[in-house]
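What follows is the residue order along each chain.
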Amino acid sequence: MHIHKLEKIWLTIGISMLFVFLGVLGVSAFAMGLQPPSEHHHMLDPAKVYETAPFDKPGLRQTGDNTYEAVMTAFTFGYAPDKMEIPLGATIDFVVTSQDVVHGFEIPGTNINMMIVPGEVSHVSHKFTKPGEYLILCNEYCGGAHEFMKTTIIVK
Amino acid sequence: MEMKEKDQAVAAATDEQPVLKGTFAAVLLLGGFLAVTWFAVFLLFLSRQ
């Protein structure tokens, strides 16, 4: 089959771009451990969130040298715990579930952005290297007071 | 009317194979746009890690 010289060049460029993009994605997923927040497939009964550990006592607990687990619940229209203080430079593993409808969990300015589905536990980790007040907000329409659904975490 | 030299070259080229210079330029522009925007978004993602 005859292929024009210029066609060969752009086909090579296109195919190499595809391999670079897929390569970056593959390295991020398998070598750097990036995964979707729902990867864990941890299920619970959304009607019994209050009685199910660890969501019966939402809050921050230390799990390692400089790592903490932030257990949180999302509900109409807020998050528990209401406020959290996080030490600067700590890695926080957020473990979040919803006790009613689908909510969002986004911290603007970071890569944290996940959907909180009732009955499922969503996980995301982030290292907070800049001090300040961080806003956690709901970005999935969840009802009448959706726009007031937020909480803050303080990093210092 | 006599054909200009350039037109004659194009006519000769189209007999054997099509002239794809313009197409090539368009493909490179589109490819460049895709690569630049892809890496811009990826760098934004890394900077927020």
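About the thresholds
Residues numbered from 1 in each chain as written. Chains lettered and ligands numbered in written order. Predicted model: local features only at pLDDT ≥ 70, side-chain atom pairs only at ≥ 80, totals over all residues. Heavy atoms only, no water. UniProt positions renumbered as here; feature names shortened; annotations may be inferred. Domains from an automatic or database assignment. Helix = DSSP H or I, 4+ residues; strand = E, 2+ residues; numbered from the N terminus. Contact = heavy atoms within 4.5 Å. Buried area = accessible area lost by both parts, 1.4 Å probe. Salt bridge = Lys/Arg side-chain N within 4 Å of Asp/Glu carboxyl O. Nonpolar A, V, L, I, M, F, W, Y, C, P; charged D, E, K, R; others polar. Patch = residues over 30% accessible without salt bridge, like charges linked within 9 Å, V, L, I, M, F, W, Y side chains within 5 Å. Areas by Shrake-Rupley, 256 points an atom, 1.4 Å probe, with all protein chains shown as cover. Buried < 20%, exposed > 50% of the residue type's maximum accessible area, 1.4 Å probe, protein only. Axes fitted to C-alpha atoms, helices over the stretch in contact; angles between N-to-C directions. Parallel < 35°, antiparallel > 145°, perpendicular 65-115°, else oblique.

An unreviewed UniProt entry lists chain B under the name Cytochrome c oxidase subunit 2A, with Paenibacillus aestuarii as the source organism.

The name an unreviewed UniProt entry gives chain A is Cytochrome aa3 subunit 2, with Paenibacillus aestuarii as the organism. Entered under Catalytic activity (unreviewed entry) in the UniProt record, the comment concerning chain A runs "4 Fe(II)-[cytochrome c] + O2 + 8 H(+)(in) = 4 Fe(III)-[cytochrome c] + 2 H2O + 4 H(+)(out)". According to its UniProt record, chain A has this under Subcellular location (unreviewed entry): "Cell envelope".

Chemist: Mind showing me how you'd approach the domain arrangement of chain A here?
Modeler: Looking at the assigned domains, one finds that chain A contains domain 1 (1-35) and domain 2 (46-155). When each unit is reduced to the centre of its C-alpha atoms, the spacing between domain 1 of chain A and domain 2 of chain A is 37 Å.

Chemist: Help me understand the UniProt feature "transmembrane region" (unreviewed entry) in chain A in this model?
Modeler: In the numbering adopted here, UniProt assigns the feature "transmembrane region" (unreviewed entry) to residues 9-34 of chain A. Structurally, residues 9-34 of chain A comprises 85% helix and 0% strand, and the distance from its first C-alpha atom to its last is 34 Å.

Chemist: I'm lost on the interface of chain A and chain B in this one. Help?
Modeler: Interface size is commonly expressed as the accessible surface area that is lost when the partners come together. At the interface, 17 residues of chain A touch 17 residues of chain B. Here chain A and chain B share an interface that buries about 1500 Å² over both sides, 76% of which is from carbon and sulfur atoms. Of all residues in chain A, Trp10(A), Phe21(A) and Asn111(A) bury the most surface against chain B, accounting for 37% of the area lost on that side. One can count zero salt bridges joining chain A with chain B. Considering each element in turn, the side of chain A that touches chain B owes the most residues, 10 residues, to helix H1 (residues 5-30) of chain A. Its residues assigned to classes, the side of chain A that touches chain B shows nine nonpolar, seven polar and one charged.

Chemist: Sorry if this is basic, but what is going on with a nonpolar patch on the surface here?
Modeler: Residue and element names in this part refer to chain A. Together, Leu11, Ile15, Leu18, Phe19, Leu22 and Leu25 give the surface a local cluster of nonpolar side chains, amounting to about 630 Å² of exposed area. Relative to the helices and strands, isoleucine 15 resides in helix H1. Look at isoleucine 15 and you get partly exposed, because its relative accessible area is 46%.

Chemist: Looking at this structure, how should I read the packing of H1(A) against helix H2 (residues 21-47) of chain B?
Modeler: Describing two packed helices takes the angle between their axes plus the distance from one axis to the other. One can describe the packing of H1(A) onto H2(B) by two numbers: an axis separation of 10 Å at closest approach and a directional angle of 10°. The angle between H1(A) and H2(B) falls in the class roughly parallel. For the pair formed by H1(A) and H2(B), the contact residues are Leu6(A), Ile9(A), Trp10(A), Ile13(A), Met17(A), Val20(A), Phe21(A), Val24(A) and Ser28(A) on the first element and Lys21(B), Thr23(B), Phe24(B), Val27(B), Leu28(B), Gly31(B), Leu34(B), Ala35(B), Trp38(B), Phe39(B) and Phe42(B) on the second. Looking at the contact of H1(A) with H2(B), its residues break down into 16 nonpolar, three polar and one charged.

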